[in-house]
Amino acid sequence: MEGSGKLSEKDHAIIAEEESLLQQVQDGIKTTIEKRKINMNLIAKRLEALRDEASTAKTADLPALFDQMNTQRALIERSPDDALPERLSPYFAHMQLEEQGRKRDVLLGHITFLDTAKAPVIDWRHAPVSRIFFNYREGEEYEEELPGRLAEGVVTARRIVTVERGELVHIITPERSYTKDDQNNWIVDNRHALPSLMGGAGTASRSTSIGTGQSGSPSPDIAALLDPEQYRLLNSAVDDPLLILGGAGCGKTTVALHRMAYLNYLDKKRFAQNRMIVIVPEPGLVHLSGKLLRSLHLNQVQITTFEQWISQQARQLIKSLPKRVYKWTPGNVIRFKRHPAVRVAFEELVRQQVDELVKTFEKKLPGSDAAAKLLQKRTDLALLERLELAEKEYIQSLPGQDSKSKQQRIAVVKKFFQETRKNLLNVANDRIDLFSNREMLEWIVKHSDGQLSEGMIDQVLSHSLEQFNKSSQQRYSNIDASKLETIDGKSLAEEDADELAGTIDSEDFAVLLELHFFKAGRASTGKGRLKQYTHMVIDEAQDLAPMERNVLGRTLHPDAAITIAGDSAQQIDPSTSFDSWETVLDELGVTRVSANHLTTTYRSSAPIAAFAHKVLGPIAPRTAPTAIKDGAPVSFSNFKNDGQMSLMLNEALTDLILNEPHASVAIIAKEIETAKKLYDVLRDVPKVRFVPDGDFEFRPGIEITDASQVKGLEFDYVIVPDASYNVYRDKPEDRRLLHVAATRAIHQLWVISQVKPSPIIEGDEFHDQPASAPG
Ligand SMILES: Nc1ncnc2c1ncn2[C@@H]1O[C@H](COP(=O)(O)OP(=O)(O)OP(=O)(O)O)[C@@H](O)[C@H]1O
């Protein structure tokens, strides 16, 4: 391995020390498990004896005996390795502290374990000790308030270790790092050295344009790497919302999930795993964050995409919603439905429904003028609350004193109101009135501050009308099935399977939940309604629409903590626009707090981070995040045509996969159609996969996808295959898309254009990196 050298005596000593510490911890865990097993046997014997005693005991003695048996049984049910660190990977960091001339070793892991002779393993969330680890470097003097004393000393060693399958494989010290190679020999690792560039700038005509040899190196537990600022954030006040902002790869998701683990440690009951949730934008991120949550021992925390979550919530509260969600809703219809102006239509809709209701009152409830007036006038209350008032008013106004006939009349009236409430809350049907009524749509456009146009109305109307049509199967349900065959022998139902009729749009769920709340008021949430969470992490919050954030906010328990992570430079959803983080907090219904900015980017190398910052042009934040690792320059290639490009890609990717079989590569096109075309020409390259629906495999290989699916993800190498003048225009949304695609790369980025590069990457600032000659 390049950069590896002979091990010095000091290196050998460090490695030996770490191996010995690990051995001691593993032995300690083994002994504890054995001791517990022996205890278990004793308990089982004791239980047997108690059972025998009970079979001959006097009745009066039985309760006491049963109590004892229950206690023993509870002890047996406790797993023998309950709350012990995993033997195969018991800790991830080691520090040595010297206080008043005495040295002691402390190991940091996910579960505290004190039964080792030399070094205890401390849960990283245990504040007093871990504070020293996260806040001080090796050689630094520390002063920290520990329980009952002020600890003063020096950090004499601070090492990050990786234990895989019970074996120490990687040690990072401030000066060097060591890795075990394939032959099980320790070598000095070159991970801090400047990576050698195998391809890179100006290499369009070379056979290998990508690959730095850095993929597949062992990765330390991320909890060991948290920087002091990240550590401070995850420890911040529980009751204040935590808003974490920062450029791509600055560790926003990492901090948010570690905070979840920290809160769970602080208060297991309040922050029980089943009361916490992580909301992410894409299925890929569910997988990635799920992995991190599992490593933090949070296996039961729900992690879901917003889309999946909102559909579940809506179906729980609103009955008879169509089962099928339409997947190809036109962009303008999505934009329309996600616009907050839709809310103004709620008032109009309710006004119309109240008018109808008043007519029904006139017919069915004689003498109900006062009740009807309440219903119409008390617009300060939600419809359901008004209805309750009207009911009370009407019942009170009924003549007669407690007579049987009056009681009967009251029962009828109550039933009427009950039915009315049920009908009004069945907002599934209101979808039709909202989106297939031209006047209503015009009303929405009028209140959209010019963001929605008249032209969209027809699109929404025709989409909705087709959607509200019954599916062919329903329409023809009373016709002989054989007559429903089409010319090619398929049944009409099959023909219709992918069609619009009888479906619902994903965007409808938030609208309907908000409408439900608008009508029901406080009765819409709370017990028996939407689940209430005590901690919610919202990742990539910039892409949610206002009404969607409103719904999320309504599921926060009054006692809830919330962590919001986001980056407005990565707002790429074309159907909504980002206003400000204050607005986001307001929409979630939480207190306004100041944002915390993370400014170090850990994912991408410095050249990639610099490129991604420049891509943002006029919308870039004032300062670029600081990258901690250097790396290969960004490669640029310009090809004359598709054929030339696919030839080069084919060759470069095949080489890369052969040279670096553990590498993960993403080819990220702007549009999924481009990705599909590329896949068709590259399908013979080994390990190549097309990802149209966020279903990344997270194993070595090449995934071809589009920019909308990669939020929050990362790959060793990224290729942008379509940075051409006619694809990425000089528009903020295109800049953000290219920025997101570029910042997915860890080691190297290859930017390809055809005919002419995009104006976004043509400014003078890009020319300090030599651009390749056209291929
Ligand atoms: N202090 C750190 N030291 C080393 N690596 C870190 C540190 N913090 C985070 N990382 C790593 O950096 C990468 C990016 O982290 P993360 O995904 O949390 O960033 P992010 O800000 O959410 O990025 P994005 O906005 O692109 O989703 C991950 O691989 C993570 O493990």
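In this text, all values refer to a predicted model and were calculated from it rather than measured experimentally.

Each helix and strand in the chain was counted, giving 24 helices and 24 strands. Buried positions account for 51% of the 775 residues belonging to the chain.

Bringing the pairing of strand β1 (residues 93-99) into the picture now. Most of β1 sits inside the fold, with 6 of its 7 residues counted as buried. With 7 bridges joining them, β1 and strand β2 (residues 102-109) adopt antiparallel strand pairing. Bridged to E98 within β2 is K103. Counted along the chain from β1 to the antiparallel partner β2, the turn is 2 residues long, and its residue Q100 has a positive phi close to 45 degrees.

At a minimum axis distance of 9 Å, the contact between helix α18 (residues 506-520) and helix α19 (residues 546-554) shows a crossing angle of 55 degrees. Here α19 runs oblique to α18, going by the angle between their axes. Seen from above, α18 lies across α19 with left-handed handedness. Judged by residue contacts, A510, V511, L513, E514 and F517 of α18 engage M547, E548, N550, V551 and R554 from α19.

As for its position among the elements, H739 is in helix α24 (residues 732-742). In this structure, the C-alpha to C-alpha distance between H739 and V615, residues 124 residues apart in sequence, is 6.2 Å. Non-local contacts of H739, meaning those with residues more than four positions away in its chain, are made with A248, A569, Q570, A612, H613, V615 and L616.

Around the ligand, the surrounding shell holds 20 residues, and the nearest of these are Q230, K252, T253, T254 and E714. Contact distances for the ligand include 2.8 Å between an oxygen atom and a side-chain N or O atom of R603. In the model, an oxygen atom of the ligand is placed 2.6 Å from a nitrogen or oxygen of the E714 side chain. Examining the composition of the shell around the ligand, we find that 3 residues originate from one element, helix α5 (residues 252-266), more than from any other. For the shell around the ligand, the class distribution of residues is 6 nonpolar, 8 polar and 6 charged.

Let's shift gears to the sheet that holds strand β23 (residues 715-720). With respect to topology, 6 strands assemble into an open sheet ordered β19-β24-β23-β20-β22-β21, the strand pairing being parallel. The open sheet terminates on both sides in strands that have one partner only, identified here as β19 (635-639) and β21 (688-690). Taking each pair of neighbouring strands and ignoring which way they run, the sheet shows an average axis angle of 20 degrees. Sheet contacts for helix α22 (residues 642-659): β19, β20 (664-669), β22 (701-706), β23 and β24 (745-754); angle to β24, the most-contacted strand, approximately 160 degrees.

With respect to the secondary-structure elements, T305 resides in strand β11 (residues 302-305). Residues within four places of T305 in sequence aside, it is in contact with V280, P281, E282, P283 and V286.

A few words now on unusual backbone geometry. The backbone of R165 shows a phi angle near 45 degrees, a positive value even though the residue is not glycine. Along the chain, the position of R165 falls in the loop between β5 (149-164) and β6 (167-172). In this model, F698 sits at a positive phi of 50 degrees, which is unusual for a non-glycine residue. Along the chain, F698 falls in the loop between β21 and β22.

So, about the nonpolar core. Soluble globular proteins tend to bury their nonpolar side chains together. Core analysis: the biggest nonpolar cluster contains 80 residues, and L108, W124, V278, F611, L749 and I761 have the highest contact counts within it. Looking at which element gives the most residues to this core, the answer is α5, with 7 residues. Once residues lying within four places of it in the same chain are set aside, the contact partners of V278 are L257, M260, L293, V301, Q302, I303, T304 and V537. Grouped together as the second largest cluster of nonpolar side chains are 56 residues, F336, V445, L556 and W581 included.

What follows concerns the UniProt feature "binding site: ATP" (unreviewed entry) in the chain. Under the UniProt annotation, "binding site: ATP" (unreviewed entry) lies at G246, G247, A248, G249, C250, G251, K252 and T253. Residue position: G247 is located in the loop between β9 (242-246) and α5. Ignoring sequence-local partners within four residues, the contact set of G247 consists of K252, D567, Q570, L598 and P625. In this structure, T253 sits in helix α5. Setting aside anything within four residues of it in sequence, one finds T253 in contact with S289 and D539.

Take the pairing of strand β7 (residues 177-180) next. Taken residue by residue, a regular strand's side chains alternate between the two faces of the sheet. Of the two faces of β7, the one holding S177 and T179 and the one holding Y178 and K180 are both buried throughout. Where β6 and β7 come together, 3 bridges link them in antiparallel fashion. Along β7, the bridge assignment pairs I172 with S177. Hairpin connection from β6 to β7: 4 residues lie between these consecutive antiparallel strands. In terms of strand pairing, β7 meets strand β8 (residues 186-189) through 4 bridges, oriented antiparallel. Across the sheet, S177 pairs through a bridge with D189, a residue of β8. Between β7 and β8, which pair antiparallel in sequence order, lie 5 residues; one of them, N184, sits at a positive phi of approximately 70 degrees.

What counts and how
- Residues numbered from 1 in each chain as written.
- Predicted model: local features only at pLDDT ≥ 70, side-chain atom pairs only at ≥ 80, totals over all residues.
- Heavy atoms only, no water.
- Helix = DSSP H or I, 4+ residues; strand = E, 2+ residues; numbered from the N terminus.
- Buried < 20%, exposed > 50% of the residue type's maximum accessible area, 1.4 Å probe, protein only.
- Pairing = 2+ DSSP bridges.
- Axes fitted to C-alpha atoms, helices over the stretch in contact; angles between N-to-C directions.
- Parallel < 35°, antiparallel > 145°, perpendicular 65-115°, else oblique.
- Left-handed = near helix turned anticlockwise from the far one by under 90°.
- Contact = heavy atoms within 4.5 Å.
- Near = heavy atom within 4 Å.
- Polar contact = N/O pair within 3.5 Å; in protein donor to acceptor, adjacent residues only side chain to side chain.
- Nonpolar A, V, L, I, M, F, W, Y, C, P; charged D, E, K, R; others polar.
- Core = buried A, V, L, I, M, F, W, Y, C linked by side-chain atoms within 4.5 Å.
- UniProt positions renumbered as here; feature names shortened; annotations may be inferred.

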